[in-house]
Each structure stands twice: as structure tokens, then as C-alpha cells.
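Close look at the chain arrangement
Now for the letters of each chain:
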Amino acid sequence: MTSEFINKLLDELERRGIRRNTIECILQEGSSLYLENPNDLDFKVVVSYYNPKAETFSPIVIDGTAVECCFYTPRDWNRVCDYKKAYFIVECPDMKCVYGDDSNFKRYDVLHDKNLQKYIINIYDKFLFNVDPNNKKIQPFKKKRLWNFLLFAYRIKNNSLEVTPTQLNTIQNAHDQKVEVESYQVLFEDIKRIVNA
């Protein structure tokens, strides 16, 4: 994450109408924070204003790397759980500021906040592990989302933000879609019991 790369990202954002003076901070998120082979780079871009119709841009390519940006105003980010399936808040403690000032960026604490834990486990219940095939309003998660669940599960199981090298390897395999979601049904039920205890 060189300054040259960030400047190219800022130039690309500017071409798409996001001026530098509206950006409070840019935070690296997603699998690239944890895994050797993330396939792309994901960023949260916190801005004073953005066009809601452009919340996520189609991937940008910088130096041969696919980049995807999601945009939030501070107000929207602070209430993201009210309007999104915000499973990605598990990554909050690790999101790395690569531009600007993230001192006002809310870091959700899923390790200690029981309500957030229940919110997240409910998402994985409905959208990954126990999808109701008769509910046409629910669009199930893709198999790849298993990696996000495993990060959450291991943090809860370890009672720590740290995950072991073996757990990281399992997360990588889930990200690479080398394992089946069904293989982790027992782990899901175990974490669900812990969260709802």
C-alpha cells in the first residue's frame, strides 16, 4: 500500500466524482487484511457527501489489481446495522487507515457487544446456513462469504481478536471456496449457542 498506489486510487475516485476534499479517510478492509491471496483490494471510503446511487463502484484496476470501494458518510456508517446486512463490521478493529484521519471512524466491538453478536449470527443464520428456500425476498450469500463467518466464529471461540495460523489457513480455504458451507454447520450452531447464551 504505497503512497503512489493511494494517489492513483485518489485520482480514480476523483474521475468518478469523489473529490479529495470530501474524503475524511480511506480504510482497507476485507480479505486482504488477513489472507495471502485476497484476489482484490477492498476499501471503505468515508466522505462528507456521496451520491447514494454510486454507493459501490464497479471494480477499478490499479497496477493490475482489482479495487472495490464502498462509500459512507460518518452518519451512515454509525447506523450501518439499521439498514444493511453489515456482517463486515467484524473486521472493524483491523480496518487499516491508508489515507486521511480515521479518529472519528466508529469501530464496532463484536467481541464484547452481545447485541452486535446476535445481529451478526442472525445474518449468517438467514443468509448462509439456514436459508429458507421458500422466502423469495432472501438472496443467499455466496459460498465465499463463509470466510467472513469463520473470522467471526474464531474470534468468538477464542474470545480474542487474534486467530491462529491454522484458523487463518481455514479462512483462506473458505475464501478460495475449497470447502463446503455445510462442513461448518456444527461450528455455526456452536457459535449460535454461545452468542445467544
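The structure contained in this document is the topic of the report that follows. Note that the structure is predicted; figures quoted are calculated from it, not measured. (Residues numbered from 1 in each chain as written. Predicted model: local features only at pLDDT ≥ 70, side-chain atom pairs only at ≥ 80, totals over all residues. Heavy atoms only, no water.)

**Quick notes on the overall build of the protein**
Regarding its fold elements, the protein presents seven helices and five strands. Starting at the N terminus and ending at the C terminus, the protein contains elements arranged as α-β-β-β-β-α-α-β-α-α-α-α. A globule of 197 residues ought to have a C-alpha radius of gyration of about 16 Å, and the protein, at 17 Å, matches this closely. Overall, the protein is about 45 × 35 × 30 Å in size when its C-alpha atoms are taken along their principal axes. Intrachain contacts of the protein at a sequence separation of at least 6 include 65% that bridge at least 24 residues. Working note: accessible area of the protein is about 10400 Å², and carbon and sulfur atoms make up 46% of it. Separation of charge centres in the protein, based on 28 positive and 28 negative side chains, amounts to 5 Å. (Helix = DSSP H or I, 4+ residues; strand = E, 2+ residues; numbered from the N terminus. Rg over C-alpha atoms; globule rule 2.2 N^0.38 Å. Contact = heavy atoms within 4.5 Å. Areas by Shrake-Rupley, 256 points an atom, 1.4 Å probe, with all protein chains shown as cover. Lys, Arg positive; Asp, Glu negative; His and termini not counted. Charge placed at Lys NZ, Arg CZ, Asp CG, Glu CD.)

**Some words on the packing of aromatic side chains**
Each aromatic ring pair is specified by the distance between its two centres and by the angle formed by the two planes. In total, this model carries 14 aromatic pairs according to the counting rule given. Ring-pair connections join several aromatic residues into one group, and the members of that group are Tyr72, Trp77, Tyr87, Phe88, Phe105, Tyr108, Tyr124, Phe127, Phe129, Phe141, Phe149 and Phe188. For the cation-ring pair, lysine 44 lies above phenylalanine 88, with the distance from its terminal atom to the ring centre recorded as 4.0 Å. Here lysine 85 stacks its cationic end above the ring of phenylalanine 127, 4.8 Å away from the centre of that ring. (Phe/Tyr/Trp six-rings, centres within 6.5 Å; stacked < 30°, edge-to-face > 60°. Lys NZ or Arg CZ within 6 Å of the ring centre and 35° of its normal.)

**Regarding the packing of helix 5 (residues 146-158) against helix 7 (residues 185-196)**
The description of two helices packed together rests on the angle between their axes and the distance between the axes. For the pair helix 5 and helix 7, interaxial distance at closest approach is 10 Å and the crossing angle is 50°. It follows from the interaxial angle that helix 5 and helix 7 lie oblique. Between helix 5 and helix 7 lies a crossing whose hand is left-handed. In contact with Phe149, Leu150, Phe152, Ala153, Tyr154, Ile156 and Lys157 of helix 5, helix 7 contributes Leu187, Phe188, Asp190, Ile191, Ile194 and Val195. Considering only residue class, the contact of helix 5 with helix 7 consists of eleven nonpolar, no polar and two charged. (Axes fitted to C-alpha atoms, helices over the stretch in contact; angles between N-to-C directions. Parallel < 35°, antiparallel > 145°, perpendicular 65-115°, else oblique. Left-handed = near helix turned anticlockwise from the far one by under 90°. Nonpolar A, V, L, I, M, F, W, Y, C, P; charged D, E, K, R; others polar.)

**Comments concerning the sheet that holds strand 1 (residues 23-29)**
Here we have five strands laid out as an open sheet, ordered 3-4-2-1-5, and mixed in their pairing. Looking at the sheet topology across the chains shown, the edges are occupied by strand 3 (60-62) and strand 5 (96-100). Each strand of the sheet is rotated relative to its neighbour by a mean of 35°, with strand direction disregarded. Direction of pairing for strand 1 relative to strand 2 (residues 41-47): antiparallel, over a ladder of six bridges. Each bridged residue has a counterpart across the sheet, and for isoleucine 23 the counterpart in strand 2 is valine 47. (Pairing = 2+ DSSP bridges.)

**Observations concerning the pairing of strand 4 (residues 65-72)**
Here six bridges tie strand 2 to strand 4, and the two strands are oriented parallel to one another. Bridging from a neighbouring strand, phenylalanine 43 pairs with cysteine 69 of strand 4. Bridge count for strand 3 against strand 4 is three bridges, and the pairing is antiparallel. In the strand pairing of strand 4, isoleucine 62 is matched with threonine 65. In this structure, the hairpin formed by strand 3 and strand 4 is closed by a connection of two residues, where aspartate 63 is found at a positive phi of approximately 50°.

**Focus on the side chain of threonine 22**
Summarising the element assignment, threonine 22 is placed in the loop between helix 1 (3-15) and strand 1. From its side chain, threonine 22 meets the backbone oxygen of arginine 19 in a polar contact 2.7 Å long. With near-sequence residues (within four places) excluded, threonine 22 lies in contact with Val46, Val47, Ser48 and Tyr49. (Polar contact = N/O pair within 3.5 Å; in protein donor to acceptor, adjacent residues only side chain to side chain.)

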